[in-house]
Amino acid sequence: MALTVGLRPLTRALLRPWARVPGAALGRPAAGSGDGVRCFGSPRVLVEPDPAAGVAVMKMRNPPVNSLSLEFLTELLISLEKLENDKTFRGIIITSDCPGIFSAGLDLLEMYGRDPAHCAEYWKAVQELWLRVYLSNLVVIGAINGISPAGGCLLSLSCDYRVLANNPKYAIGLNETLLGIIAPFWFKDVLVNTIGHRAAERALQLGFLFPPSDALQVGIVDQVVPEDQVQSTARSVMAQWLAIPDHARQLTKNLVRKPTADRLLQQRDADIQNFVRFISRDSIQKSLHVYLEKLKQKKG
Ligand SMILES: CCCCC/C=C\C/C=C\CCC/C=C/C(=O)SCCNC(=O)CCNC(=O)[C@H](O)C(C)(C)COP(=O)(O)OP(=O)(O)OC[C@H]1O[C@@H](n2cnc3c(N)ncnc32)[C@H](O)[C@@H]1OP(=O)(O)O
């Protein structure tokens, strides 16, 4: 897929793609990879390659909550692009390195009190990550080992298969309305594609965050397993998906997903402008302020 990572050169230059990860670089072999295979990545994205299996585990580590900041999105994009272009890999497992949190979703501080140019750049990166994961030629499996609201849920929904840890503290869903904001049409489309129109209508309006048993029942995840089996289950599922010839699976995936992606691809700039207009409204900025204050107060 020929997507450009449409971020300002400055943003990219600020990052150090493929910087060796401290600790990982110091000789920690990737799990199951045998001698000589080392983890790599960037400060916020740890990649554990298993070349023999053709699989890489991508661990998000942007503590405390893996919020999708511009820098984090950029690093994720660079990792994905690199894996996509490396013929060694046929599948990736996306998971979290932050205990109890898969991803807290979009970084609210990228949308609150920012100027329009920044919001536009941020939204372009959000679009880019979605398109890259959703249309990836690789098999993408989400090993969801923590709470996964809003943008975290979108990332999960963009995987080919989702395994959620069975922990009552974890929940997944598009909860935007609870923040006084709305899920854009392409978030909505992916949810409708996954759980159906009626269930999505209720979930979106009420901002449902589904705990594991409800998540499985509504179909927002494919499997719920004990927490200590999330990674091994993702691996077994990956083996099933990799048993299918790549070209047939990729063409089929494209057939199913392209119409949804095209809806955004045909109006990316308009979508950015809509976002910037919407998020810049005083009323929306106030809602974000109130929500951020609530998060602070929760701490006591
Ligand atoms: C009509 C025209 C329409 C046009 C429409 C166009 C576009 C649509 C417009 C907008 C679309 C926006 C889509 C938005 C998507 C999103 O993803 S919004 C983010 C949603 N996320 C959440 O609601 C999660 C919020 N966080 C939490 O609930 C909790 O933090 C937690 C994840 C459950 C973790 O709890 P806990 O472990 O107790 O940690 P803390 O709450 O103490 O958090 C630690 C610090 O992290 C900060 N933080 C948490 N989440 C975020 C976040 N998403 N962004 C930034 N920062 C976050 C939190 O404030 C704490 O910070 P401090 O330590 O206090 O500094």
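The structure displayed is predicted, hence computed values, not measured ones.

Colleague: Before we move on, could you go through the layout of surface pockets and cite the residues and values that matter?
Modeller: In this approach the atoms are scanned with a rolling probe the size of a water molecule, which exposes any empty space left behind. In this structure, the largest pocket occupies an estimated 1200 Å³ of space. Around the largest pocket, the lining comprises 38 residues; the ones closest to its centre are Ala104, Leu106, Leu108, Tyr291 and Leu295. Put simply, the parts of the chain that give the lining of the largest pocket at least two residues each are β7 (146-149), α5 (185-195), α10 (268-280) and α11 (282-298). Classifying every residue of the lining of the largest pocket by side-chain character gives 26 nonpolar, five polar and seven charged.

Colleague: I'd like to hear about the sheet that holds strand β5 (residues 100-101), residue by residue, with values.
Modeller: Here we have three strands laid out as an open sheet, ordered β5-β7-β9, and parallel in their pairing. Strands at the two margins of the open sheet, each flanked by one partner only, are β5 and β9 (172-173). Pairing analysis gives two bridges linking β5 to β7, with the strands arranged parallel. Opposite Ile101, over in β7, you have Ile147 as the bridge partner.

Colleague: Let's hear about the site of the ligand: which residues, and what values?
Modeller: Residues in close proximity to the ligand total 26 residues, the closest being Ala104, Leu106, Tyr291, Lys298 and Lys299. A distance of 2.8 Å separates a nitrogen atom of the ligand from a polar atom in the backbone of Ala104. At a separation of 2.8 Å, an oxygen atom of the ligand approaches a polar backbone atom of Leu106. When isolated, the ligand has an accessible area of 1300 Å², and the protein chains bury 75% of it. Counting atoms within 2 Å of the grid points, the majority share of the ligand lands in the largest pocket. Within the residue set of the shell around the ligand, elements represented by two or more residues are β7, α10 and α11. Counting residues per element, the shell around the ligand draws most heavily on α11, which supplies three residues.

Colleague: Explain the environment of Ser79 to me, and be specific about the residues and the numbers.
Modeller: In this fold, Ser79 is placed in helix α2 (residues 70-85). Residue classification places Ser79 among the buried positions, given a relative accessible area of 1%. Taking the C-alpha atoms as reference, Ser79 lies 7.9 Å from Val47; in sequence the two are 32 residues apart.

So, how was this worked out
- Residues numbered from 1 in each chain as written.
- Predicted model: local features only at pLDDT ≥ 70, side-chain atom pairs only at ≥ 80, totals over all residues.
- Heavy atoms only, no water.
- 1 Å grid on protein atoms, 1.4 Å probe; cavity = no way out; pocket = protein on both sides within 12 Å on 5 of 7 lines; lining within 4 Å.
- Points joined across faces, edges and corners; volume = space filled by probe spheres on them.
- Helix = DSSP H or I, 4+ residues; strand = E, 2+ residues; numbered from the N terminus.
- Nonpolar A, V, L, I, M, F, W, Y, C, P; charged D, E, K, R; others polar.
- Pairing = 2+ DSSP bridges.
- Near = heavy atom within 4 Å.
- Polar contact = N/O pair within 3.5 Å; in protein donor to acceptor, adjacent residues only side chain to side chain.
- Areas by Shrake-Rupley, 256 points an atom, 1.4 Å probe, with all protein chains shown as cover.
- Sits in = over half its atoms within 2 Å of the grid points.
- Buried < 20%, exposed > 50% of the residue type's maximum accessible area, 1.4 Å probe, protein only.

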